[in-house]
Every structure is written in C-alpha cells, then in structure tokens.
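# Structural overview
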Amino acid sequence: MNQDFRNDGPRKVGHVKEVTSLANPIIKDIKALTNKKSREESGAFLAEGLKLVIDALELGWIIRTLVYAKAAKGKPLVEQVAAKTVAAGGLVLEVSEKVIASITRRDNPQMVVGIFDQRWRQLRDVKPKSGETWVALDRVRDPGNLGTIIRTSDAAGASGVILVGETTDPFSLETVRATMGSVFAVPVVKATPEEFLAWKRTAGVSVVATHLAGAVDYRTIDYKKKPVVLLMGNEQSGLPDALAKEADALARIPQAGRADSLNLAVATAVMLFEARRHLLTLSETR
C-alpha cells in the first residue's frame, strides 16, 4: 500500500492533498478497502458520512485519512474534522465528486469519508459484570443483519457483540452503513466456537440461546441473576448442537401466522429488549 495512506510511512503533517484522478495510487488503496483481504492486511476500514466521522473522533477512534468532496470545502464541521485529522497525523484529501463516488460505489455519495483503524476486543478481556448483556452470533453471514444487530445492541445498552466462527466482516462497507455509526460505540469480539465455549465456562454468565428445540418461552427466563449472553444462530441453519447443548437456557419466541421464522436481526432485537427490560426506562432515552 502507498506510504501516504498507511500509518507506518512518512507523511507531511498538516498537508491537504488535492486529488482529481481515479488512477491516483492513494485512491486505489482506499478503494481496495471495499475488499476484505485489503482490510485485513491494512487493519483499516471505510466509514461514510460526516456524522459517522465526527462520532468516531469523539469516541477516540484513530483516523488515518479524511476524504471530502470539493463541494464540502469551507463548511465549518468539515474544516473542524480536517483540522483534527491533521493534528492526529492523518492525511486529508480534497477530491472531485467522481472520485468520492468511485470510493463509495454510489451515484449520490456522501461528501465525507473517513478511513479508520479497526478495533477488536479480545475475548479473554471480556469479563461481564452484573446487569451486562452481550450478544453472541454464530456464523452470521449477512452484512445488513450484522450491522442492524450492532445498531440494536447500541440502542438497547448491550455491552458488545461476540462473533463466533466464520462470520461476515463487521468492518465491511455494507455492515458499517447498517450500523449507522454504532460500530464506533459497540465493542466487537471474534472467537472460534471452542474459544467461546471455554470462555463461557469461566465467565460467570448465563447463556440464553434461541433454538427451534427450545421449550421455554423467552419471556419466562430470568435475565437478572447473572450477566446474560444471548446466543443467536446462523440465518440458514440455526445453532449447531455443540453450541446449543452448552446453553443455560434454550428459548423460543412464540409466533402466530404463516411465517415460520423471524429475520435474525429482528429476533435478536426481540430477545435483547426482553433481556434488558428490567434495566430500561423511558427516562434514560435521549
């Protein structure tokens, strides 16, 4: 990757670079972040929109590069974000609209894009306390589902999301879009099924799993005794037996009508707000 883009190369701090060519090597590096392999190699990802960039900076995320369209130049909030980026040693790019459209792959792109360092929490560092709720997702595959679950976890006051097994990338462009900025507020952990089960046995948590074989109405479970981990299965195949049998409770959401299942993100939201019902009051909402 180009030195200007990476954190480990020399850079002119305070330099704002104007770019109009789609063939510019820095732009090529940024566009490559739409590919998972490039994100893994660079440890970076894209976030679109001025609000997301401001939220990320306020939450202490490290910005590598700020890209804004010429039409956004001179706007006070954009200028403030650019100044913060430069002060943090990041690169600021002023680009044409066609360049920013090529980065985001949209006809009507956001005027501002930020490139940030990814953050992952280690499972061994997760020590849930009383009143905490975590969401564990087994092999979640759909970026929209994952992004919506991260957003819902944020809204419900959950403490984080644990990705179990091979899952979709929480830092993909599609997932980040679906989080509406919550990717910057909700810790994300990844673990193998074996690591998750080993952690569960010593973490002092109650694992509540949704399962077709679950005989218990999800509304009858005691979510107050211990920190809760809501374990949700893969969109197509549900939870494997190896995970389901280790759960402290198997839950079902009663349904009526012809639909035989709920969307994963919807089911997770139903479970989350029930598990945290005793902790949520209207006076706490913003």
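Please refer to the structure higher up on the page.
Residues numbered from 1 in each chain as written. Predicted model: local features only at pLDDT ≥ 70, side-chain atom pairs only at ≥ 80, totals over all residues. Heavy atoms only, no water.

Glancing now at the overall build of the protein. When helices and strands are tallied, the protein shows 10 helices and 12 strands. The globule rule puts the C-alpha radius of gyration for 286 residues at 19 Å, and the 21 Å found for the protein is close to it. Relative to its 286 residues, the protein shows a buried fraction of 51%. Within the protein, contacts between residues at least 6 apart in sequence are counted, and of these 80% link residues at least 24 apart. Accessible area for the protein stands at about 14000 Å²; split by element, carbon and sulfur atoms hold 50% of it. Between the centroid of the 40 positive side chains of the protein and the centroid of its 33 negative side chains there is a distance of 1 Å. (Helix = DSSP H or I, 4+ residues; strand = E, 2+ residues; numbered from the N terminus. Rg over C-alpha atoms; globule rule 2.2 N^0.38 Å. Buried < 20%, exposed > 50% of the residue type's maximum accessible area, 1.4 Å probe, protein only. Contact = heavy atoms within 4.5 Å. Areas by Shrake-Rupley, 256 points an atom, 1.4 Å probe, with all protein chains shown as cover. Lys, Arg positive; Asp, Glu negative; His and termini not counted. Charge placed at Lys NZ, Arg CZ, Asp CG, Glu CD.)

With respect to topology, 5 strands assemble into an open sheet ordered β1-β4-β3-β5-β2, the strand pairing being mixed. The open sheet has two edge strands with one neighbour each: β1 (16–19) and β2 (44–48). Across the sheet, the axes of successive neighbouring strands diverge by a mean angle of 20°, strand direction being ignored. Where β1 lies against strand β4 (residues 91–95), 4 bridges are found, and the strand directions are parallel. (Pairing = 2+ DSSP bridges. Axes fitted to C-alpha atoms, helices over the stretch in contact; angles between N-to-C directions.)

A few words now on the packing of aromatic side chains. What the rule picks out here adds up to 8 aromatic pairs. Geometrically, the ring pair formed by Phe-45 and Trp-61 is edge-to-face, given 6.0 Å between the ring centres and 80° between the ring planes. Of this pair, Phe-45 sits in strand β2 while Trp-61 sits in the loop between α3 (50–58) and β3 (63–69), and the two are 16 residues apart along the sequence. Neither residue differs from the other here; Phe-45 and Trp-61 are each classed as buried. Feature note: the residues Phe-45, Trp-61, Phe-116, Trp-120, Phe-171 and Phe-184 constitute an aromatic cluster, connected by ring pairs. Directly above the aromatic system of Trp-61 lies the positively charged group of Arg-119, at a separation of 4.5 Å from the ring centroid. Directly above the ring of Trp-120 sits Lys-190, whose terminal nitrogen or CZ lies 4.3 Å from the centroid. (Phe/Tyr/Trp six-rings, centres within 6.5 Å; stacked < 30°, edge-to-face > 60°. Lys NZ or Arg CZ within 6 Å of the ring centre and 35° of its normal.)

Its place among the elements puts His-278 in the segment after α10 (264–275). Overall, the relative accessible area of 36% leaves His-278 in the partly exposed class. Residues His-278 and Gly-131, 147 residues apart in the sequence, show an inter-C-alpha distance of 9.3 Å. The residues touching His-278, leaving out its near neighbours within four places in the chain, are Tyr-223 and Lys-224. Among the polar contacts listed, one links the side chain of His-278 to the backbone oxygen of Ala-275, at a separation of 3.4 Å. (Polar contact = N/O pair within 3.5 Å; in protein donor to acceptor, adjacent residues only side chain to side chain.)

Turning next to α10. Here α10 spans 16 Å end to end across 12 residues, near enough to the 16 Å set by a 1.5 Å rise per residue. Most of α10 is tucked away, with 9 of its 12 residues classed as buried. For α10, the complete set of buried residues consists of Leu-264, Ala-265, Ala-267, Thr-268, Ala-269, Met-271, Leu-272, Glu-274 and Ala-275. Residues of α10 that are buried make contact with β6 (133–138), α6 (143–156), β9 (206–210), β11 (228–232) and β12 (249–252). Where α10 begins, the side chain of Asn-263 points an oxygen toward the backbone nitrogen of Ala-265, at a separation of 2.8 Å. (Expected span 1.5 Å × (residues − 1).)

So, on to the pattern of salt bridges. Considering all chains together, one arrives at 13 salt bridges under this definition. We note a salt bridge from Lys-37 to Glu-41, for which the minimum N-O separation is 4.0 Å. Placement of the pair is Lys-37 and Glu-41 together in helix α2 (residues 36–42), with a separation of 4 residues, close to one helical turn. Of the two residues, Lys-37 and Glu-41, both sit in the exposed class. The closest approach of N and O atoms between Lys-73 and Glu-94, which form a salt bridge, is 3.5 Å. With a gap of 21 residues between them, Lys-73 in the loop between β3 and α4 (76–87) and Glu-94 in strand β4 connect regions that are remote in the sequence. (Salt bridge = Lys/Arg side-chain N within 4 Å of Asp/Glu carboxyl O.)

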